Amino acid sequence: MTIAVTAASGQLGSAIIRALSRMTDEPLVGLARSPDKAAGLGVEIRPGDYADREQMEKSLAGVDTLLLVSGMAAPDERIGQHRNVIEAARANGVRKIVYTSIQGAETGTAFSPIVQSNRQTEADIRASGLDWVIGRNGIYIEPDIDYLDNYKASGEIANCTGDGKCGYTTRDELAFAYARMLTEPVHHRQTYRLHGEPISQTELAGFFNRAFGTDLRYRAMSVADYRAERIAALGEFMGTIIAGIYEGIRLGALDTESEFAKAAGRPHQGWDDYFASLKQ
């Protein structure tokens, strides 16, 4: 059973390949828009540009199971690109697609169109006639870790989530769950919310303080003020999207029951343990 993973040069795709390499002896293939960037993973690498249907058909030859990592294009374009991959999979006799979808507010925020585009791909996969498994990922916690110096400089975590809780996760935890979802037929036709215990921004600040000896506090901002601050820092498109994600947290869209244990066969790593592993 040959398993292919798209976006193999990305952080999640490469983590899934590494998890699969530890979990199975089945042949593995990595697909990447720039194959040279995926060198060093120890698996066969083929070109994999979602926008190039003909290329995807060639690269999926001989593949039985496909992991489709959600693309980064604008919502309408993303839907079409994902359809290219799904149709290329069907044309090659791929039997199973596992899709990395997302959680978030489906209406009412600037992030909602992206959530809706992922929901459309979920529907396209369910209608494909193939076996399928869908994971709806929580929010990666690693960007907050990478942002630590900024938090230290300001002495605070400031955003528009208010008291809302967020079901964070890590790429390594997701990789483990997806490796199980790819290799175990018990998951067929299941949709899983994949995240750890939801925590508030005040709780997040506490984890930082205990792990890194900081003295961070959480400061709540309005959605409008946070959007303006993020746009100033990141530009119109990305700043608006980030504000939309955090508004979704404020609205409770990321405070959901996790189904990680059903997908992974074990509980998600606890945040005490995760931050203890980072402790300085």
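Going by the structure above, here's the rest.
Keep in mind that what you see is a predicted model, and the values were worked out from it rather than measured.

> How should the sheet that holds strand β1 (residues 3-5) be read in this particular structure?
In any sheet, the strands associate via hydrogen bonds between backbone groups, in a parallel or an antiparallel arrangement. Strands sit in the order β3-β2-β1-β4-β5-β6-β11 across an open sheet of seven strands; the sheet is parallel. For this open sheet the edge positions go to β3 (44-47) and β11 (190-194), each flanked by a neighbour on one side alone. On average, each strand axis in the sheet is tilted by 20° relative to the strand beside it, whichever way the strands run. Sheet analysis places strand β6 (residues 131-137) next to β11, joined by five bridges and oriented parallel. Its bridge partner lying in β11, G135 is registered against Y192. Strands in contact with helix α3 (residues 75-91) are β4 (65-69) and β5 (96-102); relative to β4, the strand with the most contacts, it is inclined by about 180°. Across the sheet, helix α4 (residues 112-126) is in contact with β4, β5, β6 and β11; its angle to β5 comes to roughly 165°.

> Where do I start with helix α1 (residues 11-23) in this structure?
Owing to its 3.6 residues per turn, the α-helix brings residues three or four apart onto one side. Between the first and last C-alpha of α1 there are 18 Å, a value that for 13 residues agrees with the 18 Å anticipated at 1.5 Å per step. Buried residues of α1: L12, G13, S14, A15, I16, I17, A19 and L20, and no others.

> Help me understand the environment of D172, please; the structure alone is not making it clear to me.
Secondary-structure assignment places D172 in helix α7 (residues 171-183). Residue classification places D172 among the exposed positions, given a relative accessible area of 57%. Considered as a pair, D172 and K37 are 135 residues apart in the sequence and their alpha carbons are 20 Å apart. Apart from the residues lying within four places of it in its own chain, the contact partners of D172 are A15 and E142.

> Just checking my understanding: could you explain the nonpolar core for this structure?
Looking at soluble globular proteins, one finds that nonpolar side chains tend to be buried together. Of all hydrophobic cores here, the largest spans 50 residues; its most connected members are I16, L60 and M181. With seven residues, the single largest contributor to this core is α7. Beyond its immediate sequence surroundings of up to four residues, I16 is in contact with V5, L67, A175, Y178 and L182. If you look at the next biggest cluster of nonpolar residues, it comprises 35 residues, including Y151, F207, A243 and Y274.

> What is the right way to look at the packing of α1 against α7 in this model?
The angle between the axes and the distance between the axes are what describe a pair of packed helices. At a minimum axis separation of 8 Å, α1 and α7 run at an interaxial angle of 55°. Classified by the interaxial angle, the pair formed by α1 and α7 is oblique. Considering the relative orientation of α1 and α7, their crossing is right-handed. Residues Q11, L12, A15, I16, A19, L20 and M23 of α1 form the contact with α7, whose own contacting residues are R171, D172, L174, A175, F176, Y178, A179, R180, L182 and T183. For the contact of α1 with α7, the per-class residue count stands at 12 nonpolar, two polar and three charged.

> Is there a simple way to think about the pattern of salt bridges in this case?
A side chain of one charge can pair with a side chain of the opposite charge if their charged atoms are brought near each other. Taken as a whole and judged by the stated rule, the model has 18 salt bridges. Between R171 and E142 there is a salt bridge, with the nearest N and O atoms lying 3.9 Å from each other. Here the residue R171 occupies a position in helix α7, and E142 occupies one in helix α5 (residues 142-146), the gap between them amounting to 29 residues. Here the two residues R171 and E142 agree in accessibility, since each one is buried.

The rules behind each value
Here the residue index of a chain counts from 1 through its sequence in written order. Reporting of local features is limited, given that this is a predicted model, to residues whose pLDDT is at least 70; pairs of side-chain atoms are given and counted only at 80 or more, and all residues count toward the totals for whole chains, interfaces and linings. Here the side-chain values reflect all heavy atoms present in the structure, with hydrogen atoms and water set aside. For two strands to pair, DSSP has to find at least two bridges joining them. Secondary structure follows DSSP: runs of H or I at least 4 residues long count as helices, runs of E at least 2 residues long count as strands, and numbering of each begins at the N terminus. The axes used here are C-alpha line fits, helices contributing only the stretch in contact, and every angle between their N-to-C directions lies in the interval 0 to 180 degrees. Residues count as neighbours in contact if any of their non-hydrogen atoms are within 4.5 Å of one another. Each helix should span, by expectation, one fewer than its residue count multiplied by 1.5 Å. Relative accessibility under 20% of the residue-type maximum defines a buried residue, over 50% an exposed one, and the middle range a partly exposed one, all with a 1.4 Å probe and only protein chains included. Remark: nonpolar core denotes a set of buried residues (Ala, Val, Leu, Ile, Met, Phe, Trp, Tyr, Cys) joined through side-chain atoms within 4.5 Å. Between 65 and 115 degrees an angle is taken as roughly perpendicular, under 35 as roughly parallel, over 145 as roughly antiparallel, and anywhere else as oblique. Crossings are assigned a handedness: left-handed for a near helix turned anticlockwise from the far helix by less than a right angle, right-handed for a clockwise turn. When residue character is reported, Ala, Val, Leu, Ile, Met, Phe, Trp, Tyr, Cys and Pro are called nonpolar, Asp, Glu, Lys and Arg charged, and the others, Gly included, polar. A pairing counts as a salt bridge when a side-chain nitrogen of Lys or Arg comes within 4 Å of a carboxyl oxygen of Asp or Glu.

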